[in-house]
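Commentary on secondary and tertiary structure
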Amino acid sequence: MRNITVIGVGYVGLVTATAFADLGNRVMALDVNPQKITMLGSGKIPIYEPGLQEVVDRNVNAQRLSFGLANDEGMRNALRQAEFVFICVGTPQGVDGEADLQYVRAAAETIARTMEHPLIIINKSTVPVGTGDWVANIVRESQPHPIDFSVVSCPEFLREGSAVRDFFQPDRIVLGSTDRRAADEVAQLHLSLRAPS
Ligand SMILES: NC(=O)c1ccc[n+]([C@@H]2O[C@H](COP(=O)([O-])OP(=O)(O)OC[C@H]3O[C@@H](n4cnc5c(N)ncnc54)[C@H](O)[C@@H]3O)[C@@H](O)[C@H]2O)c1
């Protein structure tokens, strides 16, 4: 059992959080959208995805999965328990056609402000090559005092409509990091899925 925080409970974040909880981990999933958190708190999921509601219910009832607001207080509470933090926020296409990284930046800044011990930060949002270093720089520059961390890229390939099956039966898991040990730890989290890598 590992302790995981997931930032963003959209499609990718909710499936990721629920699936890691179902694998036996303790997961806290946070979002800046209070309506989504209220809805999840009352037992309903804000997206339609076959099979997901049942897995959410099972893991909430087993107290492996919980939800909260991604303000500084909520993040500090969640990260106090966490070993891993997944960034799963949106990266909408900007006017120039490039991914708009403002939400990834905001998530990285909040992690930096609220972390109190070393963490492995995993980026699942769809970002351009090289964004791992960019996230690492934001975290380093936004920390009030230096605390160790590693950044691992783990891009998501799930498809809406078959997201639960795609998570549990992946055809591949891609990991990238300049920190071999951190990448190995993230690989361990996925080990029971027995995916090719
Ligand atoms: N949906 C898919 O099928 C799919 C598949 C593969 C990859 N992706 C990628 O995964 C990422 C997430 O996609 P999605 O479809 O889950 O997006 P989404 O828009 O459904 O959800 C993103 C969530 O992040 C929250 N958020 C934004 N800023 C935040 C912050 N600072 N702190 C906490 N929460 C914050 C939003 O409120 C929202 O609930 C994107 O980069 C997307 O391109 C999506």
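The text that follows walks through the structure, step by step, so that each part is easy to find. (Residues numbered from 1 in each chain as written. Predicted model: local features only at pLDDT ≥ 70, side-chain atom pairs only at ≥ 80, totals over all residues. Heavy atoms only, no water.)

So, the nonpolar core
Ranked by size, the top nonpolar core spans 36 residues in total, and within it F67 and F86 carry the most contacts. At 7 residues, the largest contribution of residues to this core is made by helix 1 (residues 11–22). Sequence-distant contacts of F86, that is, excluding residues within four places in its chain, are made with I4, T5, V6, I7, T16, F20, I122, K124 and L189. (Core = buried A, V, L, I, M, F, W, Y, C linked by side-chain atoms within 4.5 Å. Buried < 20%, exposed > 50% of the residue type's maximum accessible area, 1.4 Å probe, protein only. Helix = DSSP H or I, 4+ residues; strand = E, 2+ residues; numbered from the N terminus. Contact = heavy atoms within 4.5 Å.)

Quick word on the site of the ligand
Taken together, 22 residues sit near the ligand, with V12, D31, K36, T91 and T126 positioned nearest. At 3.0 Å from an oxygen atom of the ligand is found a main-chain nitrogen or oxygen belonging to Y11. Within the side chain of K36, an N or O atom sits 2.7 Å from an oxygen atom of the ligand. Against a free-state accessible area of 840 Å², the protein chains account for coverage of 77% of the ligand. Only helix 1 and helix 5 (102–114) provide two or more residues apiece to the shell around the ligand. If you tally residues by element for the shell around the ligand, the top one is helix 5, at 3 residues. The class makeup of the residues in the shell around the ligand is 11 nonpolar, 7 polar and 4 charged. (Near = heavy atom within 4 Å. Polar contact = N/O pair within 3.5 Å; in protein donor to acceptor, adjacent residues only side chain to side chain. Areas by Shrake-Rupley, 256 points an atom, 1.4 Å probe, with all protein chains shown as cover. Nonpolar A, V, L, I, M, F, W, Y, C, P; charged D, E, K, R; others polar.)

Some remarks on the sheet that holds strand 4 (residues 84–87)
Taken together, the 6 strands give an open sheet; going across it, the order is 3-2-1-4-5-6, and neighbouring strands pair in parallel fashion. In this open sheet, the two edge strands, each paired with only one partner strand, are strand 3 (65–69) and strand 6 (149–153). Neighbouring strand axes in the sheet, compared pairwise and without regard to direction, differ in orientation by 20° on average. Pairing analysis gives 4 bridges linking strand 4 to strand 5 (residues 119–123), with the strands arranged parallel. Counterpart to I87 in the pairing with strand 5 is N123. Against the sheet, helix 2 (residues 34–41) engages strand 2 (26–31) and strand 3, with an angle of about 150° to strand 3. (Pairing = 2+ DSSP bridges. Axes fitted to C-alpha atoms, helices over the stretch in contact; angles between N-to-C directions.)

Focus on the pattern of salt bridges
In this structure the tally under the stated criterion is 13 salt bridges. Between K124 and E156 there is a salt bridge; the shortest N-O distance is 2.9 Å. Residue K124 is located in the loop between strand 5 and helix 6 (131–142), and its partner E156 is located in the loop between strand 6 and helix 7 (163–168); the two are separated by 32 residues in the primary sequence. Here K124 and E156 have matching classes, each one buried. (Salt bridge = Lys/Arg side-chain N within 4 Å of Asp/Glu carboxyl O.)

Things to note about the packing of helix 4 (residues 72–81) against helix 5
It is at 9 Å that the axes of helix 4 and helix 5 come closest, and there the two elements cross at 65°. By the angle class used here, helix 4 and helix 5 are roughly perpendicular. As for the relative orientation of helix 4 and helix 5, their crossing is right-handed in sense. Contact residues: D72, M75, R76 and L79 in helix 4; T110, I111, R113 and T114 in helix 5. Within the contact of helix 4 with helix 5, the residues separate by chemical class into 3 nonpolar, 2 polar and 3 charged. (Parallel < 35°, antiparallel > 145°, perpendicular 65-115°, else oblique. Left-handed = near helix turned anticlockwise from the far one by under 90°.)

Some remarks on the pairing of strand 1 (residues 3–7)
Extensive coverage of strand 1 is indicated by the burial of 5 of its 5 residues. Burial of strand 1 is two-sided: the residues N3, T5 and I7 facing one way and the residues I4 and V6 facing the other way are all buried. Pairing of strand 1 with strand 2, which is carried by 5 bridges, proceeds in the parallel orientation. Residue I4 lies in a different strand from strand 2, and its bridge partner there is V27.

Focus on helix 4
Residues G74, M75, A78 and L79 constitute the buried set of helix 4. End-on view of helix 4: buried residues confined to an arc of 120°, all on one side of the axis. Counted as exposed and oriented over 90 degrees from the buried face of helix 4: E73 and Q81. Buried positions along helix 4 lie against strand 1, strand 2, strand 3, strand 4, helix 5 and strand 5. (Arc of directions from axis to C-beta.)

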